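# A look at the structure
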There are 2 protein chains.
Amino acid sequence: MTHILPGATIGILGGGQLARMLALAGARLGLKTHIYSPVADDPAFDVCAAQTRAEFLDEAALRAFAQSVDVITYEFENVPARTAEVLEELRPVRPNPKILALTQDRLVEKQFIRRIGATTADFFDVNDLPSFTKAVETLGYPSILKTRRFGYDGKGQSKVTQHADLSKIFNDLGTTCCILEKFVPFSKEVSVIATRSIDGAFSAYDLCENLHENHILKTTHVPARIKQETAQKAFQIAEDIANATNYVGVFAVEMFIVSKQQEEIVIVNEIAPRVHNSGHWTLDGATTSQFEQHMRAVAGWPLGSTLRLGSNITMNNLIGSEADDWLKIMEEKGAMLHLYGKKETRPGRKMGHYTKIAP
Amino acid sequence: MTHILPGATIGILGGGQLARMLALAGARLGLKTHIYSPVADDPAFDVCAAQTRAEFLDEAALRAFAQSVDVITYEFENVPARTAEVLEELRPVRPNPKILALTQDRLVEKQFIRRIGATTADFFDVNDLPSFTKAVETLGYPSILKTRRFGYDGKGQSKVTQHADLSKIFNDLGTTCCILEKFVPFSKEVSVIATRSIDGAFSAYDLCENLHENHILKTTHVPARIKQETAQKAFQIAEDIANATNYVGVFAVEMFIVSKQQEEIVIVNEIAPRVHNSGHWTLDGATTSQFEQHMRAVAGWPLGSTLRLGSNITMNNLIGSEADDWLKIMEEKGAMLHLYGKKETRPGRKMGHYTKIAP
């Protein structure tokens, strides 16, 4: 069976704010959700019909979980390969886990992006100090040494500038599995939030323009202030990625825009095989939210309209103690506030966001 | 303490679609919900952080429920007086239960509406066949005999036309506690969805124009196609009701509009002390939904903007087997579908709704 019915249960791996917003969107469509997470007080547990608190490598728990749901999805790309393997034997996992292997490793990811004809930053595989030193000599300064796996929000990376102590940088990263990327002198960071349905239909929201602070997304502005033809290029890359991976669900492609004379060059940074922070504005600012869109795709249902509901939309993350201002934001006319129900406020932790829509 | 903090728990009496949508709106603001209902497979149980399945007169269960939450609200007006009494001893109940006594009895309700200076249909208290016969003689035909308590969606009422068998009508109603209302030859049915905050602020959404089929709401159109000054009168009545009852939360006032020459006369039909079906369009068509607005009010928080997000909005209920068309509606561009997750489709049962917004 390719599509499920209202009343069916979608299992979600992970229990953070993305899983929570997926569960809420599913409920809107009459779907139940079953949250699987090892973190006892994860916020998605508060809004689901069923829950499993277990490690991702607990195969008995995984099997019981799979048997209790109709289809499985995930809120994060670092799902262990073995986890996906166990689940796939019992139920459809969407998007199909091939995308995990591809996006969990920066080297494999960049090679894939180039294979489909898109541009990435120049990069070198780095495995030891000599290969690092050689790569730095070739790419020049500045460049960025990144772990191939498990990096996010600026974690697992280090900028390499002239006269830097290469040995220290390499050793501090804590792994020998790295990639050195040439720094991209971008004028803008943008993202495509796109969806591919089970029957191959492709749909994308308006291009998002993103502003990061301390490597964490701070603000998304929609539509991105770039040329229409540049946006078209970005959408085409996303569609190529989706088709090449037989993708089902929502995904994000983060891109740099480099301005060269009159031209805007699109450089792909990374792929996130899931709903994405830069798509949160769709909750209030689009006919169908990215969360509903993902649930529709995963359920095997038709995609909804991605129509933007305002001329200009801004989404601001509330990071760490910024969420303490919730009452002030709530009083602001036209600010649409979302809080994720996280028990503990920590520096750098995404606690909520708010959206403003200009009519 | 008058206001709670994000992360706190709101207890909700009742587990139907209204409770479900309240729970979803609460989650958006970082609130937890605890659903209390005697109906084991109620749809709100699928989206809450905690649940109690118990009868409304189970005082031990009520006390345990109250002690586990920070503030209590309800999704229906037929909360037994004793239930409210037990809960109020332990936690704030919002809106305050005085409104329940008032809205549970059509006679008391109509007397209250007249006391605050608004117009109702002419009516008589009916307790036996002689008082019924006398009331019919005075009010004329057609008129409507209604039970004073527990009527909804056309249940508990009977139309009285000329040559009707009064004895049969009276006996068939199954109670001697009735009210005879003169039929109102209305040109439109409208409703005000309004909110009063804990500090007395009043806010109302654009007036809703409602179409019923078989006594069940079928379609709501916003804004109602009536004169601006008539709408102002309707809002004033709602505000008077809210202030007179020291109300906290969302409520609906159902009204008839009678056209008399150039004039539009507003006649109050009934008050619903809760979120209301004719306000479902606010989920997609207003900056703040009625469900979020109610949760804000109950939490003691400031009210949100009621700005309408389109020139014309239509909400259609999916009643009984109409929900079988879910896939067709989902494919319709611009239709925003909501399904309530009810296990069983029954004739007359509200299974979902969809909203369309003209930009």
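Model, not experiment: these values are computed from the prediction.

What follows concerns the overall build of chain A. For chain A, the count of helices and strands is eleven helices and 17 strands. Projecting the C-alpha coordinates of chain A onto the three principal axes gives extents of approximately 60 × 50 × 40 Å. The 359 residues of chain A split such that 51% are buried.

Residues and elements named next belong to chain B. A large share of strand S6 (residues 143-147) lies buried, amounting to four of its five residues. Relative to strand S7 (residues 157-160), S6 is paired through four bridges, and the arrangement is antiparallel. Paired with Ser143 across the two strands is Val160, which belongs to S7. Note that S6 and strand S8 (residues 178-182) share five bridges and pair antiparallel. Bridge pairing in S8 links Lys146 to Ile179.

Attention shifts here to the relation of the copies chain B and chain A. Taken as rigid bodies, chain B and chain A are interconverted by a rotation of 180° and an axial shift of 0.0 Å, the fit giving an RMSD of 0.0 Å. Given the turn and translation reported, the copies of this chain are related as if by a two-fold rotation axis. Closest approach to the rotation axis among the C-alpha atoms of chain B is made by Val47 of chain B, whose C-alpha sits 2.1 Å away. Looking at chain B, 100% of its interface residues are interface residues in chain A too, so the copies touch through the same face.

What follows is about the domain arrangement of chain A. What the domain assignment reports for chain A is domain 1 (9-93), domain 2 (122-182) and domain 3 (188-358). Of note, the centres of domain 1 of chain A and domain 2 of chain A, computed from C-alpha atoms alone, are 35 Å apart.

Okay, the sheet that holds strand S5 (residues 123-126) of chain A next. Within a sheet, each strand pairs with its neighbour through backbone hydrogen bonds, oriented either parallel or antiparallel. All names here are of chain A. Reading across the sheet, the four strands line up as S5-S8-S6-S7 and stay open at both edges, with antiparallel pairing between neighbours. Single-partner strands in this sheet number two, and they are S5 and strand S7 (157-160). Looking at each pair of strands side by side, their axes are set apart by 20° on average, direction ignored. Sheet strands touched by helix H6 (residues 129-139): S5, strand S6 (143-147), S7 and strand S8 (178-182). Its angle to S5, the strand with the most contacts, is close to 170°.

What follows covers helix H3 (residues 81-88) of chain B. Turn by turn, an α-helix covers 3.6 residues, leaving residues three or four places apart pointing in a common direction. Residue and element names in this part refer to chain B. Along H3, the residues that are buried comprise Thr83, Ala84, Val86 and Leu87. Viewed end-on, H3 has its buried residues packed into an arc of 160°, placing them on one side of the element. Away from the buried face of H3 by more than 90 degrees, exposed residues Ala81 and Arg82 are located. Structurally, H3 contributes buried residues whose contacts are with helix H2 (59-67), strand S4 (71-74) and helix H4 (98-103).

On to the sheet that holds strand S1 (residues 9-13) of chain A. Residues and elements named next belong to chain A. Taken together, the four strands give an open sheet; going across it, the order is S3-S2-S1-S4, and neighbouring strands pair in parallel fashion. At either margin of the open sheet sits one strand with a lone partner, and together these are strand S3 (50-53) and strand S4 (71-74). Sheet twist, expressed as the average angle between the axes of neighbouring strands with direction ignored, equals 20°. Bridge count for strand S2 (residues 32-37) against S3 is four bridges, and the pairing is parallel. Bridge assignment links His34 to a residue of S3, and that residue is Ala50.

Further remarks concern the interface of chain B and chain A. Each partner contributes to the interface: chain B provides 29 residues, whereas chain A provides 29 residues. Mapped onto the side of chain B that touches chain A, the elements with two or more residues apiece are helix H1 (17-28), helix H11 (326-331) and strand S16 (335-339) of chain B. For the side of chain B that touches chain A, the leading source of residues is S16 of chain B, giving four residues. The residue makeup of the side of chain B that touches chain A, split by class, is 15 nonpolar, eight polar and six charged.

Here the focus is the packing of helix H2 (residues 59-67) of chain A against helix H3 (residues 81-88) of chain A. All names here are of chain A. Here H2 crosses H3 at 40°, and the two axes come no closer than 9 Å. Here H2 lies oblique to H3, going by the angle between them. Of the two elements, H2 crosses H3, and the hand of that crossing is right-handed. Side by side, H2 and H3 meet where Glu59, Leu62, Arg63 and Ala66 of the first sit next to Thr83, Val86 and Leu87 of the second. Residue classes in the contact of H2 with H3 are distributed as four nonpolar, one polar and two charged.

Cut-off values and rules
Residues numbered from 1 in each chain as written. Chains lettered and ligands numbered in written order. Predicted model: local features only at pLDDT ≥ 70, side-chain atom pairs only at ≥ 80, totals over all residues. Helix = DSSP H or I, 4+ residues; strand = E, 2+ residues; numbered from the N terminus. Buried ≥ 20, exposed ≤ 12 C-beta atoms within 10 Å, placed from the backbone. Pairing = 2+ DSSP bridges. Least-squares fit on C-alpha atoms with pLDDT ≥ 70 in both. Contact = placed C-beta atoms within 7 Å. Domains from an automatic or database assignment. Axes fitted to C-alpha atoms, helices over the stretch in contact; angles between N-to-C directions. Arc of directions from axis to C-beta. Nonpolar A, V, L, I, M, F, W, Y, C, P; charged D, E, K, R; others polar. Parallel < 35°, antiparallel > 145°, perpendicular 65-115°, else oblique. Left-handed = near helix turned anticlockwise from the far one by under 90°.

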